[in-house]
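# Working through the structure, step by step
For reference, the chains in residue letters:
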Amino acid sequence: AFRYTLRAATVDPLRRVEGYSYEGSAEIGNVIPFLVDRFLASPGTVENDVPFLGRRVIYRPYVRGTIDLRRYAPLSGVTTLATRFFVGANHPIGDPDVVPFDRRFYAGGASSVRGWSLRELGPGASTLEGAAGDVNLLGGDLKLETSVELRATFLRDLAEADWQLASFVDAGNVWLGPRNPGDDAGRFRARTFWRQVGVGSGLGLRLAWEYLIVRFDVAYRLRDPLPSQGGIFADGFGSPTLHFGIGHAF
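Treat the numbers as computed from the prediction; the structure is a model and nothing was measured.

About the cut-offs
Residues numbered from 1 in each chain as written. Predicted model: local features only at pLDDT ≥ 70, side-chain atom pairs only at ≥ 80, totals over all residues. Heavy atoms only, no water. Helix = DSSP H or I, 4+ residues; strand = E, 2+ residues; numbered from the N terminus. Buried < 20%, exposed > 50% of the residue type's maximum accessible area, 1.4 Å probe, protein only. Pairing = 2+ DSSP bridges. Axes fitted to C-alpha atoms, helices over the stretch in contact; angles between N-to-C directions. Contact = heavy atoms within 4.5 Å.

## Comments concerning the overall build of the protein
Broken down by element type, the protein carries 1 helix and 11 strands. Written out in order from the N terminus, the α and β elements of the protein read β-β-α-β-β-β-β-β-β-β-β-β. Seen through its principal axes, the protein has C-alpha atoms that stretch 70 × 40 × 35 Å. The burial tally for the protein puts 42% of its 250 residues in the buried class.

Right, dumping it as structure tokens:
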């Protein structure tokens, strides 16, 4: 892949107390296998695979772009309001209708919409029937996500760490693109996508040492995009989702 990233930041990457971090990236991938296929392996035709060590290896050309905007505003000497907005999109090039698994987008997890476990949210309102543990193994082509987190230090220098409490709200999802052959319930529709945004909220504890931050979060689903569970506070809050992480969520 060939990737260009433009980044501007003033925030401390560990503490993330004050400042901003803005990043945009553009990427194009699997161009070299395409050129090998088109001009060397099978001149004049495109087979969408190339020979390698006696086998045919499939490749999937694609383009991908992301925008990640973060701001950190200190409200007092012990409190910080952190906000984040992320949008990402990918699209296949040529004959294939999907992009490689590792270049797709996923939602849910300790650094995503925390009301869901890792890769458990989306795509769209798809029920993921047959997926192991209801985990989204196939990902999506478009991702929208935003988070707001209030962090407050309530103890200093206990076990040589600052202890912080955090309250947060996360919202977002992933969707399938126009060429993806997946379920229509997971496809992005400009007029109705907002109905498929998952919303989660919760509380967390941060232990901040000089060179390490350990994070514990408990989150609940406020709005589930699945048709059987959609709506604010539908069927109560449900079971909590627990997360552990190193460093802040964003």
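Next comes the rest of the description.
## A word on the sheet that holds strand β10 (residues 213-223)
On the basis of which strands lie adjacent, the open sheet formed by 9 strands has the order β1-β2-β5-β6-β7-β8-β9-β10-β11 and antiparallel pairing. Unpaired on one side and paired on the other, β1 (2-9) and β11 (241-246) mark the two borders of the sheet. For this sheet the average axis-to-axis angle between neighbouring strands, irrespective of direction, equals 15°.

## Focus: the environment of Gly88
The residue Gly88 is located in strand β6 (residues 79-92) in this model. Once the C-alpha coordinates of Gly88 and Gln196 are considered, the two residues, 108 residues apart in sequence, prove to be 17 Å apart. The residues contacting Gly88, other than those within four sequence positions of it, are Gly65, Thr66, Phe105, Asp141, Leu142 and Lys143.

## Here we look at the pairing of strand β8 (residues 161-175)
Burial of β8 is extensive: 11 of the 15 residues sit out of reach of the surface. With 14 bridges connecting them, strand β7 (residues 142-158) and β8 associate as antiparallel partners. Within the sheet, the bridge partner assigned to Ala152 lies in β8 and is Leu165. Adjacent in sequence and paired antiparallel, β7 and β8 are bridged by 2 residues, among which Ala159 carries a positive phi angle near 60°. Pairing of β8 with strand β9 (residues 198-208), which is carried by 11 bridges, proceeds in the antiparallel orientation. By the bridge assignment for β9, Ser167 is matched with Leu203.

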